[in-house]
Amino acid sequence: MRSEPVLTSKDSMNSVLSVPWAATLDLRSGALWPPSHVVTCRLSDMAGRYADRAAEQELLNQSDPLIYRADEILAPETRGELHTSVTVVFPGKIGDEYFMSKGHYQVDDAAVKVYLAVSGTGYMLMQNAKGDTMEVPMAPGTIVYCAAGWAQRTVNVGNDPFAYFKYWPADGGHDYERVVREGGFLKRVVERNGRPQVIDAKDI
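The notes below deal with the structure included here. These numbers come from a predicted model, not from an experiment. (Residues numbered from 1 in each chain as written. Predicted model: local features only at pLDDT ≥ 70, side-chain atom pairs only at ≥ 80, totals over all residues. Heavy atoms only, no water.)

### So, the sheet that holds strand E13 (residues 150-156)
- The strand order across the open sheet formed by three strands is E11-E10-E13, and the pairing between neighbours is antiparallel. The sheet terminates laterally at strand E11 (133-138) and E13, the two strands that pair on one side only. When the angles between neighbouring strand axes are averaged without regard to direction, this sheet yields 15 degrees.
- Bridge analysis of strand E10 (residues 122-128) against E13 gives seven bridges, and the strand direction is antiparallel. Of the residues in E13, the one forming a bridge with methionine 124 is threonine 154. (Pairing = 2+ DSSP bridges. Helix = DSSP H or I, 4+ residues; strand = E, 2+ residues; numbered from the N terminus. Axes fitted to C-alpha atoms, helices over the stretch in contact; angles between N-to-C directions.)

Shown next, in the form of structure tokens:
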């Protein structure tokens, strides 16, 4: 993944100092303006996370599609501050598995994350180290509270971009590799008979 700082005017929010700020969220497209950083994730950044490795490699041989983008307003990484972001997961599939985010735990196991779907349709997949799972279908207006100690992944199951707003403790961090070390997500979302279906990863 690539995180790039965005050049903003001197009147824009400051992500180094703790200061009040205001921004605009476009409720149709999910665009957040002005962001302090933009994160992009392409298929090559998600090597091995899709079940159909042959389909993944075949697509990579042709192109390296953009899977998702996040416009972020980053706060100082200290206790009490909140990071803010709008992520857009683009439509598409690798084999019969829908485009999705990498999925992660927070580095701080006590950190929580709150999501609000803005546009499009998708799923939130969550799990913890004990093997408990929860899947939430998301459409505009759906709020998901990802509790402390739970990993999260979003999936776009529609034909349009799936955008969601989120905020989380600025000192919470992201651990993308812990899920991989634990064997990956226990649930996957695939197309079956033209419709999205949540299945056990072992059954894919």
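### Quick look at the state of the cysteines
- Summed over the entire model, instances satisfying the criterion amount to zero disulfides.
- Take cysteine 41: it sits in no disulfide, and the sulfur closest to it among the cysteines is that of cysteine 146, at 18 Å.
- Looking at cysteine 41, the relative accessible area reads 0%, which means it is buried. (Disulfide = S-S within 2.5 Å. Buried < 20%, exposed > 50% of the residue type's maximum accessible area, 1.4 Å probe, protein only.)

### Comments concerning the layout of surface pockets
- Taken as a whole, the largest pocket holds about 380 Å³ of empty space.
- Taken together, 26 residues form the lining of the largest pocket, with Glu72, Lys113, Lys166, His174 and Tyr176 sitting closest to its centre.
- Sorting the residues of the lining of the largest pocket by element identifies strand E5 (66-73), strand E6 (82-89), strand E9 (113-119), E13 and strand E14 (162-169) as the ones contributing at least two each.
- Looking at the lining of the largest pocket, its residues break down into ten nonpolar, ten polar and six charged. (1 Å grid on protein atoms, 1.4 Å probe; cavity = no way out; pocket = protein on both sides within 12 Å on 5 of 7 lines; lining within 4 Å. Points joined across faces, edges and corners; volume = space filled by probe spheres on them. Nonpolar A, V, L, I, M, F, W, Y, C, P; charged D, E, K, R; others polar.)

### What to know about the packing of aromatic side chains
- Applying the stated criterion to the full structure yields three aromatic pairs.
- Judged by centre distance (5.3 Å) and plane angle (50 degrees), the rings of phenylalanine 162 and tyrosine 164 are tilted.
- Among the aromatic residues, those joined into a ring-pair cluster are Tyr115, Phe162 and Tyr164. (Phe/Tyr/Trp six-rings, centres within 6.5 Å; stacked < 30°, edge-to-face > 60°.)

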